[in-house]
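The chain contents come next:
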Amino acid sequence: MDFLLTRAKDCGIITKIANISLGGIKVDFIIRPVRIEDAEAINEMRRMDGVKENILGVSSERISGTEYFINNLTPNDHMLVAEVDEEGVKMVVGAVSLHVGGTPRMRHAANIGIMVHRDYQGKGIGTALLKEIIDLADNWLMLIRLELSVFVDNERAIKLYESLGFKIEGRKRFASIRRGKYEDEYLMARYNYNLIGN
């Protein structure tokens with residue numbers, strides 16, 4: 001996947017442009033900051049089978065909750081989306097968020113959350129979103145610790161996180177409900193050794 005850099009008109013930051021293959025057809029996508037207009041697509045993804053199971057979403061989530069979340073992002077919250085352009089139709093197909101600790105003693109650490117539309121999983125969009133948010137964390141926010149949680153049976157996500165430097169730190173027993181059962185999650189973290197040394 002090749003990336004080109006462009007300056008986004010609406011936000012003034014560098015946006016990544018790439019392409020993926022869908023059924024043998026090349027489809028362009030960009031990574032850009034979230035907008036309030038993205039709420040409907042984000043809400044749809046959060047409720048979607050194949051996504052909600054792994055992100056703590058539920059079918060009854062309302063769009064007003066998603067709009068509230070986007071409108072209330074603070075300077076410690078960062079959210080990027082992946083937007084595809086299929087024959088002139090633009091659609092948000094992935095999102096990643098980073099929440100920096102709000103207290104002075106946790107300002108060096110952040111939590112990450114990510115989701116990708118079920119029809120676009122396994123195409124490199126999740127990798128591209130994570131690389132972009134890690135670059136923001138490492139080189140612009142100078143964070144030392146990034147953490148996330150993942151269901152212990154989500155092997156594809158675990159492999160992706162490990163490929164980007166995340167390590168399993170522990171297991172949270174009965175962490176959340178999924179499909180009528182209490183499920184365990186791994187807590188994974190990545191450290192910015194450029195700032196703290198080995």
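Treat the numbers as computed from the prediction; the structure is a model and nothing was measured. (Residues numbered from 1 in each chain as written. Predicted model: local features only at pLDDT ≥ 70, side-chain atom pairs only at ≥ 80, totals over all residues. Heavy atoms only, no water.)

Q: Can you help me understand helix α4 (residues 125–140) in this one?
A: Each α-helix turn comprises 3.6 residues. Residues three or four places apart therefore point the same way. Between its first and last C-alpha atoms α4 spans 22 Å; for 16 residues at 1.5 Å apiece the expected length is 22 Å, and the two agree. A positive phi of about 55 degrees marks Met142, the residue just after α4. (Helix = DSSP H or I, 4+ residues; strand = E, 2+ residues; numbered from the N terminus. Expected span 1.5 Å × (residues − 1).)

Q: Is there a simple way to think about the pattern of salt bridges in this case?
A: Note that side chains of opposite charge can pair when their charged atoms are close. In the structure shown here, the tally under the stated rule is 13 salt bridges. Among the salt bridges present, the one from Asp184 reaches Arg173, with a minimum N-O distance of 3.4 Å. One end of the pair, Asp184, is in strand β9 (residues 181–191); the other, Arg173, is in strand β8 (residues 167–178), with 11 residues separating them in the sequence. Via salt bridges that share partners, Arg32, Asp38 and Glu83 belong to a single interconnected network. (Salt bridge = Lys/Arg side-chain N within 4 Å of Asp/Glu carboxyl O.)

Q: Sorry, what's going on with helix α1 (residues 39–47) here?
A: Looking only at α1, the buried set comprises Ala39, Ile42, Asn43 and Met45. The buried residues of α1 occupy an angular sector of 160 degrees when the element is viewed end-on, so they sit on one face. Considering only its buried residues, α1 is in contact with α2 (52–55), α3 (63–71), β4 (77–86), β5 (89–100) and β6 (109–116). (Buried < 20%, exposed > 50% of the residue type's maximum accessible area, 1.4 Å probe, protein only. Arc of directions from axis to C-beta. Contact = heavy atoms within 4.5 Å.)

Q: Looking at this model, I keep getting lost on the packing of α1 against α3. Mind explaining?
A: The packing of two helices is summarised by the inter-axis angle and the distance between the axes. Two elements in contact, α1 and α3, have axes separated by 9 Å at closest approach and are oriented at 120 degrees. With respect to α3, the axis of α1 lies oblique. At the point where α1 passes α3, the crossing takes the right-handed sense. For the pair formed by α1 and α3, the contact residues are Ala39, Glu40, Ile42 and Asn43 on the first element and Ile63, Thr66, Glu67 and Ile70 on the second. Tallied by class, the residues present in the contact of α1 with α3 amount to 4 nonpolar, 2 polar and 2 charged. (Axes fitted to C-alpha atoms, helices over the stretch in contact; angles between N-to-C directions. Parallel < 35°, antiparallel > 145°, perpendicular 65-115°, else oblique. Left-handed = near helix turned anticlockwise from the far one by under 90°. Nonpolar A, V, L, I, M, F, W, Y, C, P; charged D, E, K, R; others polar.)

Q: What exactly am I supposed to notice about the side chain of Arg32 here?
A: Structurally, the position occupied by Arg32 is in strand β3 (residues 25–33). Looking at Arg32, the relative accessible area reads 2%, which means it is buried. Within the structure, Arg32 has its side chain in polar contact with the side chain of Glu83 (distance 2.9 Å). (Polar contact = N/O pair within 3.5 Å; in protein donor to acceptor, adjacent residues only side chain to side chain.)

Q: What is the right way to look at unusual backbone geometry in this model?
A: Across residues other than glycine, the phi torsion is negative in most instances, and most of the peptide bonds are trans. Located in the positive-phi region is Phe174, a residue other than glycine, with phi close to 50 degrees. With respect to the helices and strands, the residue Phe174 is situated in strand β8. Phe174 gets classed as exposed once you look at its relative accessible area, which sits at 54%. The phi torsion at Arg179 lies on the positive side, around 50 degrees, for a residue other than glycine.

Q: Help me understand the packing of aromatic side chains, please; the structure alone is not making it clear to me.
A: For any pair of aromatic rings, the description consists of the separation of the ring centres together with the inter-plane angle of the planes. If you walk through the whole model with that rule in mind, you get 2 aromatic pairs. Its guanidinium or amino end placed over the ring of Phe174, Arg173 lies 5.0 Å from that ring's centre, counting from NZ or CZ. (Phe/Tyr/Trp six-rings, centres within 6.5 Å; stacked < 30°, edge-to-face > 60°. Lys NZ or Arg CZ within 6 Å of the ring centre and 35° of its normal.)

Q: What should I look at first to understand the side chain of Asn43 in this one?
A: Note that Asn43 resides in helix α1. According to the relative accessible area criterion, Asn43 is buried, its value standing at 4%. In terms of polar contacts, Asn43 uses its side chain to reach the side chain of Thr66, at 3.1 Å. Here Asn43 is in contact with Glu61, Arg62, Ile63 and Thr66, once residues within four sequence places are set aside.

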